[in-house]
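Spelled out, the chains give:
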Amino acid sequence: MKYYIRESVNHFFISESKSFAEEHPIIAEFDKPMIPRHTFIIGFQNLWMGGFYGSWQVDKSNIDNVDIILSKFKL
């Protein structure tokens, strides 16, 4: 399954949907077996509860680069 990382001024968004938060540019993408949609990842807000299936966001004040995001997703 392909995941996309998008960047806004204050957040990074990680989603299995290419159309999620499409107003922000895709800065990276990666392949990984499907991550269960309720998976808690330390430092990330799981947007599953808001109805955005397979999506997470992180505030840039907590994580400020893509390499850290990829390491959290164990890539």
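Structure: above.
Given the structure is predicted, the values throughout are model-derived calculations rather than measurements.

Novice: Teacher, can you tell me more about the side chain of Ser55 here?
Specialist: Within the fold, Ser55 resides in strand β5 (residues 55–59). Looking at Ser55, the relative accessible area reads 1%, which means it is buried. Within the local environment of Ser55, its side chain forms a polar contact with the side chain of Ser15, the two groups lying 2.8 Å apart. Apart from the residues within four sequence positions on either side, Ser55 is in contact with Ile14, Ser15, Phe20, Gln45, Asn46, Leu47 and Trp48.

Novice: Even after reading the chapter, I still don't get the packing of aromatic side chains, so can you show me in this structure?
Specialist: Between two aromatic rings, the relevant description is the distance of the centres plus the angle of the planes. Per the stated rule, a full pass over the model turns up five aromatic pairs. Taken together, a centroid distance of 5.5 Å and an interplanar angle of 15 degrees make the contact between Tyr3 and Phe30 stacked. With Tyr3 in strand β1 (residues 2–7) and Phe30 in strand β3 (residues 26–31), this pair connects stretches of sequence that are 27 residues apart. When its relative accessible area of 0% is taken as the criterion, Tyr3 is described as buried. Here the aromatic rings of Phe44 and Phe73 are separated by 5.5 Å at their centres, their planes lie at 85 degrees, and the arrangement is edge-to-face. Of the two residues, Phe44 sits in the loop between β3 and β4 (45–46) while Phe73 sits in the segment after α1 (66–72), which places them 29 residues apart along the sequence. One exposure class covers both Phe44 and Phe73, and it is buried. Each member of the aromatic cluster is reached from another via a ring pair, and the members are Tyr3, Phe30, Phe44, Trp56 and Phe73. If you follow Lys60 out to its NZ or CZ, it ends over the ring of Phe12, 5.2 Å from the centre.

Novice: Could you clarify how one ought to interpret the environment of Ile41 in this entry?
Specialist: Relative to the helices and strands, Ile41 resides in the loop between β3 and β4. With a relative accessible area of 9%, Ile41 lands in the buried category. Sequence separation between Ile41 and Lys72 is 31 residues, and the spatial gap between their C-alpha atoms is 7.2 Å. Apart from residues no more than four positions distant in its own chain, Ile41 is found in contact with Trp56, Lys72 and Phe73.

Novice: Please explain unusual backbone geometry as it appears in this structure.
Specialist: Of all residues except glycine, most have a negative phi; of all peptide bonds, most are trans. A positive phi angle is found at Ala21, which is not glycine, with a value near 55 degrees. Mapping Ala21 onto the fold places it in the loop between β2 (11–15) and β3. For Ala21, a relative accessible area of 13% translates into the label buried.

About the thresholds
Residues numbered from 1 in each chain as written. Predicted model: local features only at pLDDT ≥ 70, side-chain atom pairs only at ≥ 80, totals over all residues. Heavy atoms only, no water. Helix = DSSP H or I, 4+ residues; strand = E, 2+ residues; numbered from the N terminus. Buried < 20%, exposed > 50% of the residue type's maximum accessible area, 1.4 Å probe, protein only. Polar contact = N/O pair within 3.5 Å; in protein donor to acceptor, adjacent residues only side chain to side chain. Contact = heavy atoms within 4.5 Å. Phe/Tyr/Trp six-rings, centres within 6.5 Å; stacked < 30°, edge-to-face > 60°. Lys NZ or Arg CZ within 6 Å of the ring centre and 35° of its normal.

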